[in-house]
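Examination of the molecular architecture
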2 protein chains.
Amino acid sequence: MKKTTPTMKDVAKEAGVALGTVSKVINGIPVGETYKVKVEAAIKKLNYQVNTYARGLKTSKTETITLIIPSLNLPFFASFAYEVEQQAYAHGRKLILCCSNGIPEKELDYLLLASQSKTDGIIALTYSDISNQVPNNIPLIAFDRKFDNYQIPRIASDNYEGGILAIQKLLEFGCKSPVFIGFHSSFPGEADKRFDGYIEACKKNQLKPVYLYATDSEDCHDSIYNFIKEHENKDTHTLDFDGIFANTDLHACIAIHVLKELGYSVPDDVQVIGFDGTKKFYPGEEYMVSTIRQPLPELAKKCIDMILDEDNYPIPTLTLLPVTYEYGGTTIG
Amino acid sequence: MKKTTPTMKDVAKEAGVALGTVSKVINGIPVGETYKVKVEAAIKKLNYQVNTYARGLKTSKTETITLIIPSLNLPFFASFAYEVEQQAYAHGRKLILCCSNGIPEKELDYLLLASQSKTDGIIALTYSDISNQVPNNIPLIAFDRKFDNYQIPRIASDNYEGGILAIQKLLEFGCKSPVFIGFHSSFPGEADKRFDGYIEACKKNQLKPVYLYATDSEDCHDSIYNFIKEHENKDTHTLDFDGIFANTDLHACIAIHVLKELGYSVPDDVQVIGFDGTKKFYPGEEYMVSTIRQPLPELAKKCIDMILDEDNYPIPTLTLLPVTYEYGGTTIG
């Protein structure tokens, strides 16, 4: 059945202005007088009703979007928070930032903001067991993390394809025996599919899967050290693998650190590919390691769009964006 | 004259609970029933009036503090934002985060939130020319930056003492000729005093000041490269300085990069001390370079306290917190 109620997009089209401008006028945020007149004329002509949000939300009153992330101390989290702020602002929304440190009570405290209509929507990257306590009817997007509550839409990178891409690249660069090294949260999330992608890539290429895949409660350095020692021939000072796909750039850095401790060279003895797309502190445009890059600006935009886009009905339960391989000095290409 | 009006602190003392608990009860944020009863009894007993903020603010209704910073892409900014969020939450406040990218219009947009009573206070780390557009009567703390408007309280590290400390350490470590390398914003701020501290330390120790101090519109790498080449004896492949105090950790990293390009070793040929206290990505507890550390958790706490503490009258116009020297591998000690 064709939808006939006019939307904010229709208003923008009619007025010949950007969607963000319409949003600003509706929310009483100052725009140039010419724009304001155009938007108001379009609203009148189309008989646009502000409170027609597809997800049944109340008219935006708070002008805020809330982001829940564990911290800002990892570059990945800091960059994601930055991109979400930029996208929220482009849509006339301020960002409420919660660094939860994984404390469930704090996460719930911020989720409450939405149920009390104190924020227009929440983007949550949580690593705690709050699945069963989240109501269905709040405007919540789960980033990366999987909630038991299946009504909550999830947005993530295509981690599975990323896992396959990493192995494909290592094989292209001449590796014969790539291994997987990773640590996962005890709560299920989309990032777990990096490992699934590795297993699939092994199957496809008739390789025997060899991996370290422990929970993040383990000591990463010691676990990686023990794993590498198990795969070392002490007499010849050689390893029985020649490539590592690590499930984050941080774990790739730790693996490289351990390899150097043990006297192996990267990328000559072992090529390493991480995951995330973390940039170096300086020079700023270089990747810290060769990596599968998550498209953070696009992921942030998708999260904001999904909260604000009234035309997006039904809301997809899962949206994955494509990843890319980026060179960062720890592979030969 | 002794103040007799009861304060939130008095209520906390009377009720035997933390200040944050009183704040939560006043702002309608859920706390344990026992605490709530205690706080309410204390409010009644003391006849505490919620709207007695020393700075004449309206009763806190928004439960938010706003932070304006340029971005989250430098670890220093990300860490400061994290600490401000932690401190705000501890006081029952949510954080509104603005990454301004130095765009004056965006900064003003967020400053407006306070004048419209949509946020309880603003902490601003701005690098643009908005001094004259900021009203006197909004709850604003300038972090690091100096506004022309002298009524706005400033909080910063003791940058001047930090400059003196850096040179003192380099001399302690055997340097004879430490130079200063830095780039400054065209807008005045407390960070400019790092250079003043360097000059003072030279005077104290009867050293001739030698420095590169350009505006941040210059290309840092090229400027540092040219500066070092000017101080190089090509025949002997030696430099006429043996220590660098760089005014940020980022500039220290660039200087180290250039020194390596030119075949000099750090810390053997040249010892380098930066400023900020930036940690490495991995291992997480190590400093990226030897550095003068800014006490970020304490600075964040001071900013939040100054916005919320009703007893703090008159508000100090400038508050400086002490810095410390931290070893990061680019000095001998």
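Since we're looking at a predicted model, the values are computed, not measured.

Moving on: the packing of helix α8 (residues 220-230) of chain B against helix α9 (residues 249-261) of chain B. Residue and element names in this part refer to chain B. Closest axis-to-axis distance for the α8/α9 pair is 9 Å, and the angle between their directions is 55 degrees. As judged from the angle between their axes, α8 and α9 are oblique. Viewed along their axes, α8 and α9 form a crossing whose handedness is right-handed. Here α8 contributes Cys 220, His 221, Ile 224, Tyr 225 and Ile 228 to the contact with α9, which in turn contributes His 251, Ile 254, Ala 255, His 257, Val 258, Leu 259 and Glu 261.

Residue and element names in this part refer to chain A. Here chain A averages 88 in pLDDT, while 91% of its residues score no lower than 70. Low pLDDT, under 50, characterises residues 51-59; the stretch is placed with 20 contacts to residues that sit more than four places away or in other chains. Reported confidences for the modelled complex are a pTM of 0.80 and an ipTM of 0.77.

A separate point is the packing of aromatic side chains. Residues and elements named next belong to chain B. Throughout the structure, instances matching the rule amount to 24 aromatic pairs over all chains. Seen in terms of ring centroids, Phe 227 and Phe 241 are 6.2 Å apart; in terms of plane orientation they differ by 35 degrees. Their pairing is tilted. Taken together, the residues Phe 227 in helix α8 and Phe 241 in the loop between β9 (238-239) and β10 (243-246) connect sequence positions 14 residues apart. In terms of burial, Phe 227 and Phe 241 fall into one category: buried.

Residues and elements named next belong to chain A. Across the interface, helix α4 (residues 75-90) lies against helix α10 (residues 296-308) with an axial gap of 8 Å and an inter-helix angle of 50 degrees. With respect to α10, the axis of α4 lies oblique. Considering the relative orientation of α4 and α10, their crossing is right-handed. Facing α4, whose interface residues are Phe 76, Ser 79, Phe 80, Glu 83, Val 84, Gln 87 and Ala 88, α10 presents Leu 296, Pro 297, Leu 299, Ala 300, Lys 301, Cys 303 and Ile 304. Looking at the contact of α4 with α10 residue by residue, the class counts come to 10 nonpolar, 2 polar and 2 charged.

Time to look at the relation of the copies chain A and chain B. Superposition record for chain A on chain B: RMSD 0.1 Å, screw rotation 180 degrees, translation along axis 0.0 Å. These values place the two chain copies in the arrangement generated by a two-fold rotation axis. When each C-alpha of chain A is compared by its distance to the rotation axis, Ile96(A) comes out closest, at 2.2 Å. Interface residue correspondence from chain A to chain B reaches 100%, placing this contact among same-surface, isologous pairings.

A word on the interface of chain A and chain B. Listed per partner, the contact involves 38 residues of chain A and 38 residues of chain B. A combined buried area of about 3,200 Å² lies between chain A and chain B, and 63% of that area is made up of carbon and sulfur atoms. Inspection of the chain A/chain B interface yields 6 salt bridges. Here Asp109(B) ties to Lys94(A) by a salt bridge, and the two come within 3.6 Å at their closest N and O atoms. Between chain A and chain B we count 16 residue pairs in polar contact (both at pLDDT 80 or more) in total. Mapped onto the side of chain A that touches chain B, the elements with two or more residues apiece are α4, β2 (94-99), α5 (104-115) and α9 (249-261) of chain A. In terms of residue count, the dominant contributor to the side of chain A that touches chain B is α4(A) (8 residues). Considered class by class, the residues forming the side of chain A that touches chain B number 21 nonpolar, 8 polar and 9 charged. Sheet topology places β2(A) next to strand β2 (residues 94-99) of chain B; 3 bridges connect them, and they run antiparallel.

Overall, mixed pairing links the 12 strands, which are arranged β13(A)-β5(A)-β4(A)-β3(A)-β1(A)-β2(A)-β2(B)-β1(B)-β3(B)-β4(B)-β5(B)-β13(B) in an open sheet. Of all the strands in the sheet, just β13 (318-321) of chain A together with β13 (318-321) of chain B have a single pairing partner and so form its edges. Neighbour-to-neighbour, the strand axes of this sheet turn through a mean angle of 25 degrees, independent of strand direction. One ladder, built from 4 bridges, connects strand β5 (residues 154-157) of chain A with β13(A); its direction is parallel. Bridge pairing links Arg154(A) to Leu318(A) in β13(A). Across the sheet, α4(A) touches β1 (64-69), β2, β3 (121-124) and β4 (140-143) of chain A together with β2 of chain B, and the angle it forms with β1(A) is around 170 degrees.

What counts, and where the lines are drawn
Residues numbered from 1 in each chain as written. Chains lettered and ligands numbered in written order. Predicted model: local features only at pLDDT ≥ 70, side-chain atom pairs only at ≥ 80, totals over all residues. Heavy atoms only, no water. Axes fitted to C-alpha atoms, helices over the stretch in contact; angles between N-to-C directions. Helix = DSSP H or I, 4+ residues; strand = E, 2+ residues; numbered from the N terminus. Parallel < 35°, antiparallel > 145°, perpendicular 65-115°, else oblique. Left-handed = near helix turned anticlockwise from the far one by under 90°. Contact = heavy atoms within 4.5 Å. pLDDT = per-residue confidence, 0-100. Phe/Tyr/Trp six-rings, centres within 6.5 Å; stacked < 30°, edge-to-face > 60°. Buried < 20%, exposed > 50% of the residue type's maximum accessible area, 1.4 Å probe, protein only. Nonpolar A, V, L, I, M, F, W, Y, C, P; charged D, E, K, R; others polar. Least-squares fit on C-alpha atoms with pLDDT ≥ 70 in both. Buried area = accessible area lost by both parts, 1.4 Å probe. Salt bridge = Lys/Arg side-chain N within 4 Å of Asp/Glu carboxyl O. Polar contact = N/O pair within 3.5 Å; in protein donor to acceptor, adjacent residues only side chain to side chain. Pairing = 2+ DSSP bridges.

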